[in-house]
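Structural overview for review
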Amino acid sequence: QVQLVESGGDLVQPGGSLRLSCAASGSIFSINGMGWYRQAPGKQRELVAPITRGGSTNNADSVKGRFTIPRDNAKNTVYLQMNSLKPEGTAVYYCYANTVKPGTSFSLRYWGQGTQVTVSS
């Protein structure tokens, strides 16, 4: 199993910056990808920023050029660096980890608890 602990959500003004953290523990070796989703009130959960084990990223068009997903392998932590935030960025942000059982194609996705980001003046 993998445990994910998120932190960093806050109230921020439009145009501001914020960095979210997601620390993974447990069966780290089984993780082959991590990333971030967000869910705004009344909307479906949206993929924001994925990153593969090899470090490839493919951010959503709505955040390209503003969000990045750095990571610290030594700390088993991925971040979501959000710049030039907009009010439509208000949402609960969820970290996830995709895992594959060694020697099989059996995969599971684990989720963090979510952290609230509010962009408002």
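1. Details of the packing of aromatic side chains
Inspection of every chain in the model, using the stated rule, returns four aromatic pairs. A ring pair is formed by Y37 and Y96, whose centres lie 5.4 Å apart and whose planes are at 70°; its orientation type is edge-to-face. Here Y37 is found in strand β4 (residues 31–39), whereas its partner Y96 is found in strand β9 (residues 91–100), with 59 residues between them in sequence. Y96 shares its class with Y37; the two are buried. Ring geometry for Y37 and W111: centres 5.2 Å apart, planes at 65°, overall edge-to-face. In this pair, Y37 is assigned in strand β4 and W111 in strand β10 (residues 107–111), connecting sequence segments 74 residues apart. When its relative accessible area of 15% is taken as the criterion, Y37 is described as buried. The exposure class assigned to W111 is partly exposed, which follows from its relative accessible area of 35%.

2. What to know about the state of the cysteines
In protein chemistry, a disulfide is the covalent bond that joins the sulfur atoms of two cysteines. Under the criterion given, the structure shown has one disulfide. At a sulfur-sulfur separation of 2.0 Å, the disulfide partner of C22 is C95. With the S-S bond torsion at -75°, the cross-link from C22 to C95 turns out left-handed. With a gap of 73 residues between them, C22 in strand β3 (residues 18–26) and C95 in strand β9 connect regions that are remote in the sequence. Both residues of the pair, C22 and C95, count as buried.

3. Topic: the pattern of salt bridges
Within the structure shown, the criterion is met by two salt bridges. One salt bridge in this structure joins E46 and R38, with 2.8 Å as the shortest N-O distance. Look at E46 and you get partly exposed, because its relative accessible area is 30%. Looking at R38, the relative accessible area reads 8%, which means it is buried. Notably, a salt bridge pairs K64 with D61, separated by 3.3 Å at the nearest N-O pair. Judged by relative accessible area, which is 66%, D61 ranks as exposed.

4. A closer look at unusual backbone geometry
For N76, which is not glycine, the phi torsion reads 50° and is therefore positive. By the secondary structure assignment, N76 is in the loop between β7 (71–72) and β8 (77–82). Assessed through its relative accessible area of 31%, N76 is described here as partly exposed. The phi dihedral of S84 falls on the positive side, at around 50°, and the residue is not glycine.

Quick notes on the rules
Residues numbered from 1 in each chain as written. Predicted model: local features only at pLDDT ≥ 70, side-chain atom pairs only at ≥ 80, totals over all residues. Heavy atoms only, no water. Phe/Tyr/Trp six-rings, centres within 6.5 Å; stacked < 30°, edge-to-face > 60°. Helix = DSSP H or I, 4+ residues; strand = E, 2+ residues; numbered from the N terminus. Buried < 20%, exposed > 50% of the residue type's maximum accessible area, 1.4 Å probe, protein only. Disulfide = S-S within 2.5 Å. Salt bridge = Lys/Arg side-chain N within 4 Å of Asp/Glu carboxyl O.

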